[in-house]
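Coordinate inspection notes
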Amino acid sequence: MKGRLISCGHVLLLSLAALLPVALTAQEQQRILPRAFRDVFSELMKSAARSTVQVYSDGSRAALGAIVRPDGHIVTKASEILNKNGEPWGKIECQLSFENQRREAQVVGRDSRTDLAVLKIDAKDLPVVPWSTVESPGVGSWLVTPGLSTYPLSVGVVSVAARKLPPNAALGVALENNERQARLTEVRPGLAAEAAGLRIGDIIRKFDGEEIKTSEQLRKSIRWHYPGEKVKIVYERDRKLQTAEAELSSLNELVARDDRSDFQNSLGGKLSDRRTGFPLAIQHDSVLRPIDCGGPVVDVDGKVVGLNIARAGRVESYALPSSLVRETVDKLLKTELTSTSTEEQLPARKSTPQER
Amino acid sequence: MIRLSKSAPLMGFGRVSMRGIRFGTLALAFLLLSATRWPTPIGAADVTAANSASTAGSISQGLRRILDGNLDSSTPIAVSDLRAMQGHVHTLSEKLKKCTVGVRVDQERGNGVMSSAWGSGVIISKDGYVLTAAHVAGQPNQACKFTLHDGREVDGKTLGMFRTLDAGLLKITEGAEYPFAELGDSSKVNVGQWCIALGHPGGFQEDRGLVLRLGQVKNIVEGADLPDNRAITTDCTLVGGDSGGPLFDIQGRVIGINSRIGENNSTNMHVPVNAFHDGGAWDRMLKGDAWGHLPGQRPWLGVGQDERSTEAKIATIAPGSPAEKYKLQPGDVVVSFDGRPIGDFAALRKAVEDCHPNEWIRLKVRRASGTIEEVGLRLGKKSE
């Protein structure tokens, strides 16, 4: 399925990989703006920067966050501080932009669809982020990411307007480019297709009930499935139709095995572990580190138009639009009040790893 | 499709251009006459209109200077300048997207299976000439597919390529009129100038479309007399699939073509657009000529000549070479290469030289036993 990224370049870079020294510092990775630009961006993000929070997990910087209620509710990126089951990796602390201390935080709720978590610190009269009321910013709109410093952490523009991001499952095959059928030209070791017994030359006729006519159609269909999902595959081998069941792999897993695209995307720094499958996200070109996610993104009016949710590649950072963040926060807080919890949401409670 | 340069070996050179202006102007005129009946530039007119509507109209003098690259760090910028610039980019990006395409070049592998290279390109004439990177185009006179901004797919073919600078030319062959971008003059590009990169990182994705990046020129080595290391470096981040896509100046004119990256986010390199027409390059590409080598990318088969033979007879097989991997033997005679007859060893050498490293090729080989076999193999890369 990653046929696309893999074949992206029959000019290979594999051997160059070994030549390159690793890891530049965060500063070296950041774009350097002319001073005049830096100054004006610093000015317009001031109010949002005041409501930006540094979130620590087990003593280390894990993410940024945004104050969403004056009484100490803070929204942040869940997967940087909580494990799959919603349990904290370690003690969670928050530092406010106008304080010099860290305050211990409790997890109020988590929404795995958006990868948002709401935290609560013991405080009052906190400055809530200045939410934007306009709809999602268009392609080419400025986006400023404040951190806890006077200057922006990063500046970029909208690269792609808000869209639904596919969950990005992978089958672990390369496909022939063919407009009549989807024939396997490669089966990657250790991924879904191999485990399901598929072989080079097999032609996929049906994928999860969908009749497959072209390679492109199959690629797309796979991308919109979830990793871990079990799907039925009808394929043709030696002119006979056969059936297999595959438990889908994730695109990240596949990319991690593909030296080239993984290598290219890693040029420019680390990527967030959770970086796909968001219900709605703005793609922008700000250079971020995974630990820079979770905080507000500000437009040219100084209003918060989104929350950075993932560093997903050398050219892509994702932000959830404000409306989605606010809805999710409202839902999590309402759940807290009524104490009804779903699988995805943790009830409000003081939690430590030991308790679980 | 991005190639990697080990890093930018360009730091500190600043702008180097000499004959650029004169040459550029001449070559451009030449291009207008010979390439295609150069139509009234509709795209250009639109862009100009957009400029006069937003750039000239509402952007302050100070910002205007900065957009053009006349950087004066003491010039204060107001939020209203940012807003004006943003409005300008909004309008411009809609137009620029219409000229930018996804490119897919299908290549038959040795085993009869088709594999594809994905990249990007930019339409520069009404009748569908498309600039791209040489490493996207692959080989001259191959079929390729273009994905237009609205997702429509049209047929095309590859023309020539100047590999040393990574410049390649394609043509849409389905007759129609296409929106196209105006060409800029890369000899006049300045460090600090704002620019826009477009492309399909990771390949064309229907549910995403084109991806815009805004940045600044960080370095430029450009001039018609610098044949090998000409490049524009920007902080518009690029990744595989962006290759061949356009770099525009802030007026919307093509000044470069996305080519390769270094490890730093600010090392994204673009072929200066003048490389497509300086020194007769355009004329050669139109004819389907492919010449030069991508830097550090010499193709490798790994066979040594049997000098006693007048045919393309193999005497030695280099250890670890593609020839060894695909079981060529000393004593084999190569009689054809991708369907073209091979008369002698020099012809074989030339045929290999004309390929990209890692390209799939198909040889007909006469074995020592006299049987003729077809061997599909993938060339390697010889380090320089």
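Here, the structure is the one placed above.
Summary of the structure given here. From a predicted model like this one, the values you see are computed outputs, not experimental measurements.

On to the pattern of salt bridges. Inspection of the entire model under this criterion finds 36 salt bridges over all chains. The residue Arg31 of chain A makes a salt bridge to Asp285 of chain A at a minimum N-O spacing of 3.6 Å. One end of the pair, Arg31 of chain A, is in the loop between helix H3 (26-29) and helix H4 (35-44); the other, Asp285 of chain A, is in the loop between strand S18 (281-284) and strand S19 (296-298), with 254 residues separating them in the sequence. Residue Arg31 of chain A is classed as buried on the basis of its relative accessible area, which comes to 13%. Under the relative-accessibility criterion, Asp285 of chain A is labelled buried at 2%. For Glu206 of chain B, the salt bridge identified is with Lys220 of chain A, shortest N-O distance 3.4 Å. Remark: Lys220 of chain A occurs in helix H7 (residues 215-223) and Glu206 of chain B occurs in the loop between strand S8 (194-199) and strand S9 (211-221); the pair is interchain, linking two chains. Sharing partners across several salt bridges, the network here consists of Arg31 and Asp285 of chain A together with Lys218 and Asp235 of chain B.

In this section: the packing of H4 of chain A against helix H4 (residues 79-99) of chain B. Taken N-terminus to C-terminus, the directions of H4 of chain A and H4 of chain B make an angle of 100 degrees; their axes are 10 Å apart at the nearest point. Relative to H4 of chain B, the element H4 of chain A lies roughly perpendicular. Counting all contacts with H4 of chain A, which are made through Phe37, Val40, Phe41 and Leu44 of chain A, the residues of H4 of chain B involved are Val79, Leu82 and Met85 of chain B. Residue composition of the contact of H4 of chain A with H4 of chain B, by class: seven nonpolar, no polar and no charged.

All chains considered together, the criterion is met by eight aromatic pairs over all chains. With 6.3 Å between their ring centres and 50 degrees between their planes, Phe37 of chain A and Trp142 of chain A make a pair best called tilted. A residue pair is termed long-range when its members are at least 10 positions apart, and Phe37 of chain A in helix H4 and Trp142 of chain A in strand S8 (residues 142-146) qualify at 105 residues. Trp142 of chain A carries the same exposure label as Phe37 of chain A, and that label is buried. Between Tyr326 of chain B and Trp360 of chain B, the aromatic rings sit 6.2 Å apart at their centres with planes inclined by 75 degrees, giving edge-to-face as the arrangement. Residue Tyr326 of chain B is located in the loop between helix H7 (322-325) and strand S18 (333-337), and its partner Trp360 of chain B is located in strand S20 (residues 360-366); the two are separated by 34 residues in the primary sequence. Among the aromatic residues, those joined into a ring-pair cluster are Phe37, Phe41 and Trp142 of chain A together with Trp194 of chain B. Between Arg38 of chain A and the ring centre of Tyr151 of chain A, over which it is positioned, the NZ or CZ distance is 3.9 Å.

With that settled, consider the sheet that holds S18 of chain B. Residue and element names in this part refer to chain B. An order of S19-S18-S20-S21 is seen for the four strands of this open sheet, with the pairing classed as antiparallel. With partners counted over all chains shown, the strands left at the sheet margins are strand S19 (340-341) and strand S21 (372-378), one partner each. By the bridge criterion, four bridges tie S18 to S20 in an arrangement that is antiparallel. By the bridge assignment, Phe337 is partnered in S20 with Leu363.

Let us now look at the sheet that holds strand S2 (residues 60-69) of chain A. Residue and element names in this part refer to chain A. In spatial order, the strands read S5-S4-S1-S2-S3-S7-S6; together these seven strands make up an open sheet with antiparallel pairing. Strands with a single pairing partner mark the edges of an open sheet, and in this sheet they are strand S5 (103-104) and strand S6 (106-111). Pairing analysis gives six bridges linking strand S1 (residues 52-57) to S2, with the strands arranged antiparallel. Counted as the bridge partner of Thr52 is Ala66 from S2.

All names here are of chain B. Of all five residues in strand S4 (residues 129-133), five are buried, a share of seventy percent or more. A two-sided burial pattern is seen for S4, the buried positions comprising Tyr129, Leu131 and Ala133 on one face and Val130 and Thr132 on the other. By the bridge criterion, five bridges tie S4 to strand S7 (residues 167-172) in an arrangement that is antiparallel. What sits directly across from Leu131, in S7, is Leu169.

A word on unusual backbone geometry. Although it is not a glycine, Asn168 of chain A adopts a positive phi angle of roughly 60 degrees. Note that Asn168 of chain A resides in the loop between strand S9 (152-163) and strand S10 (169-170). Accessibility expressed as a relative area gives 12% for Asn168 of chain A, which makes it buried. Backbone geometry places Asp166 of chain B, a non-glycine residue, at a positive phi of 65 degrees.

Cut-offs used in this document
- Residues numbered from 1 in each chain as written.
- Chains lettered and ligands numbered in written order.
- Predicted model: local features only at pLDDT ≥ 70, side-chain atom pairs only at ≥ 80, totals over all residues.
- Heavy atoms only, no water.
- Salt bridge = Lys/Arg side-chain N within 4 Å of Asp/Glu carboxyl O.
- Helix = DSSP H or I, 4+ residues; strand = E, 2+ residues; numbered from the N terminus.
- Buried < 20%, exposed > 50% of the residue type's maximum accessible area, 1.4 Å probe, protein only.
- Axes fitted to C-alpha atoms, helices over the stretch in contact; angles between N-to-C directions.
- Parallel < 35°, antiparallel > 145°, perpendicular 65-115°, else oblique.
- Contact = heavy atoms within 4.5 Å.
- Nonpolar A, V, L, I, M, F, W, Y, C, P; charged D, E, K, R; others polar.
- Phe/Tyr/Trp six-rings, centres within 6.5 Å; stacked < 30°, edge-to-face > 60°.
- Lys NZ or Arg CZ within 6 Å of the ring centre and 35° of its normal.
- Pairing = 2+ DSSP bridges.

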